[in-house]
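Given next are the chains, with one letter for each unit.
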Amino acid sequence: MDDMVCGKRVDGACRVKTEIWGHRGASGYAPENTLEAFELALLQGADGVELDVQLTKDDELVVIHDERIDRTSNGSGFVRDYTLEELKKLNFNKTIAGYRAVQIPTLKEVYELFQGKEKKINVEIKTGIFFYPGIEEKLLELTAKMSMEEQVLYSSFNHQTLLNMKKLNPKVYCGILYSDGYLNMDTYCQKLGMDALHPALYNLQYEGFREACREKKIPLHVWTVNEPEHIKLMRQMQVEAIITNYPDR
């Protein structure tokens, strides 16, 4: 996977093309982390999507952000306490009022949607609270089985999970997710042997941060960039990708 996408040359230098990735799909318009949201992101011209994965009670990879299903579905409890069959019976349309009934997708179903399309899939591994033993192996196995290695990159707030991924396959593309308050993340990224940083938007305020990452050729995939003025700012700063609920903006 390329470190950067060169758009055009300005004053002899390569200007970075800022890619647009749908945050949990086009989640500003369709129920987050559903096939409907991912399909809409594609229709809106997104360069890729970001999604979240966890394991069910019967060790199936499902796409959902929260450890609990209460906020996004008509059910209650932890994802890990339900089988895939049980989850499929629930309605996951709760985040968008008036939207028709939708099911929780498996990661395999999302991969099937993107097969044959030159789009990126940022798989966030949700191991911040529950570590889900074996999830790394399952992810690598499924991605390889479906020949999606060139489209998929992984991220996580659990940096041990990313180290586990690299240990299993040093060639996988991994980005460090983090929120705020951290310094010298460019050095930290290189120390861990990771490929990119996934900072929250407000981290771009740190003086010299963007310049340090560019010098070390560390791509920035910034979340969650929804407001037009912030989208414009990220383009001016030439970040490699923004993750947004509104790909059409």
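Up top is the structure.
For clarity, every value in this text was computed on a predicted model and none was experimentally measured.

Caption draft 1: Region of the structure containing the overall build of the protein chain. Within the protein chain, the secondary structure is distributed over eight helices and eleven strands. Against the compact-globule benchmark of 18 Å for 249 residues, the protein chain has a radius of gyration of 18 Å, which places it among compact chains. Its C-alpha atoms give the protein chain principal-axis dimensions of roughly 55 × 40 × 35 Å. Expressed as a percentage of the 249 residues in the protein chain, the buried residues total 55%.

Caption draft 2: The pattern of salt bridges, seen in detail. Under the criterion given, the structure shown has 14 salt bridges. The shortest N-O distance in the salt bridge between D66 and R71 comes to 2.7 Å. One continuous salt-bridge network, built from bridges that share partners, spans R24, E32, D52, D66 and R71.

Caption draft 3: Looking closely at the environment of I64. Residue placement: I64 occurs in the loop between β5 (61-63) and α2 (84-88). Sequence separation between I64 and R24 is 40 residues, and the spatial gap between their C-alpha atoms is 8.6 Å. Ignoring any residue separated from it by four or fewer positions in sequence, one finds I64 in contact with N33, D52, V53, Q54, I69, T72, V79, F92, I104 and K126.

Caption draft 4: The arrangement of the pairing of strand β8 (residues 174-178) in detail. For β8, a buried count of five out of five residues is recorded, marking the element as mostly surrounded by other parts of the structure. Of the two faces of β8, the one lined by C174, I176 and Y178 and the one lined by G175 and L177 are each fully buried. You can see the chain leave strand β7 (residues 152-156), run along helix α5 (residues 159-168) and come back into β8, and the turn it takes is right-handed. For β8 and strand β9 (residues 196-199), the ladder comprises four bridges, and the chain directions are parallel.

Caption draft 5: Up close: α5. Of all the positions in α5, only H159, T161, L162, M165 and K166 are classed as buried. Along the axis of α5, the buried positions cluster into a sector of 150°, meaning they face one direction only. Tucked into the core, α5 has its buried residues touching β6 (120-125), α4 (135-145), β7, β8 and α6 (185-192). Of the residues that open α5, the one with a side-chain oxygen 3.0 Å from the backbone nitrogen of Q160 is N158.

Caption draft 6: Quick peek at the packing of α4 against α5. Across the interface, α4 lies against α5 with an axial gap of 10 Å and an inter-helix angle of 50°. Considered as vectors, α4 and α5 are oriented oblique to each other. In this structure, α4 crosses over α5, and the sense of that crossing is right-handed. Every residue of α5 that contacts α4 at E136, E137, L139 and L140 is listed here: T161, N164, M165 and L168. For the contact of α4 with α5, the residue count by class is four nonpolar, two polar and two charged.

Cut-offs applied
- Residues numbered from 1 in each chain as written.
- Predicted model: local features only at pLDDT ≥ 70, side-chain atom pairs only at ≥ 80, totals over all residues.
- Heavy atoms only, no water.
- Helix = DSSP H or I, 4+ residues; strand = E, 2+ residues; numbered from the N terminus.
- Rg over C-alpha atoms; globule rule 2.2 N^0.38 Å.
- Buried < 20%, exposed > 50% of the residue type's maximum accessible area, 1.4 Å probe, protein only.
- Salt bridge = Lys/Arg side-chain N within 4 Å of Asp/Glu carboxyl O.
- Contact = heavy atoms within 4.5 Å.
- Right-handed = clockwise from strand over helix to strand, strands pointing away.
- Pairing = 2+ DSSP bridges.
- Arc of directions from axis to C-beta.
- Polar contact = N/O pair within 3.5 Å; in protein donor to acceptor, adjacent residues only side chain to side chain.
- Axes fitted to C-alpha atoms, helices over the stretch in contact; angles between N-to-C directions.
- Parallel < 35°, antiparallel > 145°, perpendicular 65-115°, else oblique.
- Left-handed = near helix turned anticlockwise from the far one by under 90°.
- Nonpolar A, V, L, I, M, F, W, Y, C, P; charged D, E, K, R; others polar.

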